[in-house]
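# Fold and contact review
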Amino acid sequence: MVDDAVRTGVRPKVKLLVVRALLVLGSVVTLIGVILLAACWRDDLMIEERLGKATAEVVSVSFQRTVVRFATPDGAVHSPSQGLLYPDGLEPGQLVRIEYDTADPEVARVAGRTAVLALLPVGTFLLAVWAVLLPLVWWVRRRL
């Protein structure tokens, strides 16, 4: 006797839905990673087009952002609200050379650091996502 769910095609439909949902999830996460890398490159291009250099004091360091304070040649003091780009290894009270966009001092990075530094963490994260999702998709296709 054939199970009613199998006979009516419910299991294949559920399997297809789950597989598609997993692949869409992986695609959305990948798209977000690619957009993040593109944003890093865009910020770097903005800085390089209108390059300003300064020495900044590291005010605070947290997981979410690193706050710095620096003065521009016109005497204005700036503290980017979103924090500093590529701040790895900085500590409060430290003086650090930075590069910023003279048209928008809110966009600032540690001197000498670029979007290339974002490739490893984003790439590793995306690799881990797909390393989990692909075997899961394979398992769902074989088992359900």
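Residues numbered from 1 in each chain as written. Predicted model: local features only at pLDDT ≥ 70, side-chain atom pairs only at ≥ 80, totals over all residues. Heavy atoms only, no water.

## Structural notes on unusual backbone geometry
With a phi close to 55 degrees, Tyr86 is a non-glycine residue in the positive phi region. Along the chain, the position of Tyr86 falls in the loop between strand E3 (77-78) and strand E4 (95-101). Given the relative accessible area of 11%, Tyr86 is considered buried. (Helix = DSSP H or I, 4+ residues; strand = E, 2+ residues; numbered from the N terminus. Buried < 20%, exposed > 50% of the residue type's maximum accessible area, 1.4 Å probe, protein only.)

## Things to note about the side chain of Glu99
With respect to the element layout, Glu99 can be found in strand E4. Within the structure, the side chain of Glu99 is placed 2.8 Å from the side chain of Arg109, a separation counted as a polar contact. If we skip the residues at most four places from it in the chain, Glu99 touches Ile47, Leu51, Gly52, Lys53, Val107, Ala108, Arg109, Ala111 and Gly112. (Polar contact = N/O pair within 3.5 Å; in protein donor to acceptor, adjacent residues only side chain to side chain. Contact = heavy atoms within 4.5 Å.)

## A short note on the pairing of strand E1 (residues 51-61)
Strand direction decides the pairing type here: E1 and E4, joined by seven bridges, are antiparallel. Counted as the bridge partner of Ala56 is Val96 from E4. By the bridge criterion, four bridges tie E1 to strand E2 (residues 66-71) in an arrangement that is antiparallel. Paired with Val61 across the two strands is Thr66, which belongs to E2. (Pairing = 2+ DSSP bridges.)

## Some thoughts on the UniProt feature "transmembrane region" (unreviewed entry) in the protein
Within this numbering scheme, the UniProt entry marks residues 17-39 and 115-140 as carrying the feature "transmembrane region" (unreviewed entry). In residues 115-140, helix accounts for 96% and strand for 0%; the two terminal C-alpha atoms are 37 Å from one another. (UniProt positions renumbered as here; feature names shortened; annotations may be inferred.)

## So, the pattern of salt bridges
Once their charged atoms are close, side chains differing in charge can pair, the charge on each being opposite to the other. Applying the stated criterion across every chain, the model contains seven salt bridges. Across the salt bridge formed by Arg50 and Glu49, the nearest N and O atoms sit 4.0 Å from each other. For Glu49, a relative accessible area of 60% corresponds to the exposed category. Taking the shortest distance from any N to any O, the salt bridge between Arg50 and Asp101 comes out at 2.8 Å. On the criterion of sequence distance, the pair formed by Arg50 in the loop between helix H2 (10-49) and E1 and Asp101 in strand E4 is long-range, its members being 51 residues apart. Look at Arg50 and you get partly exposed, because its relative accessible area is 33%. A residue is classified by how much of its surface remains accessible, and Asp101, at 0% relative accessible area, is buried. Connected through salt bridges with shared partners, the residues Asp44, Glu48, Glu99 and Arg109 form a single ionic network. (Salt bridge = Lys/Arg side-chain N within 4 Å of Asp/Glu carboxyl O.)

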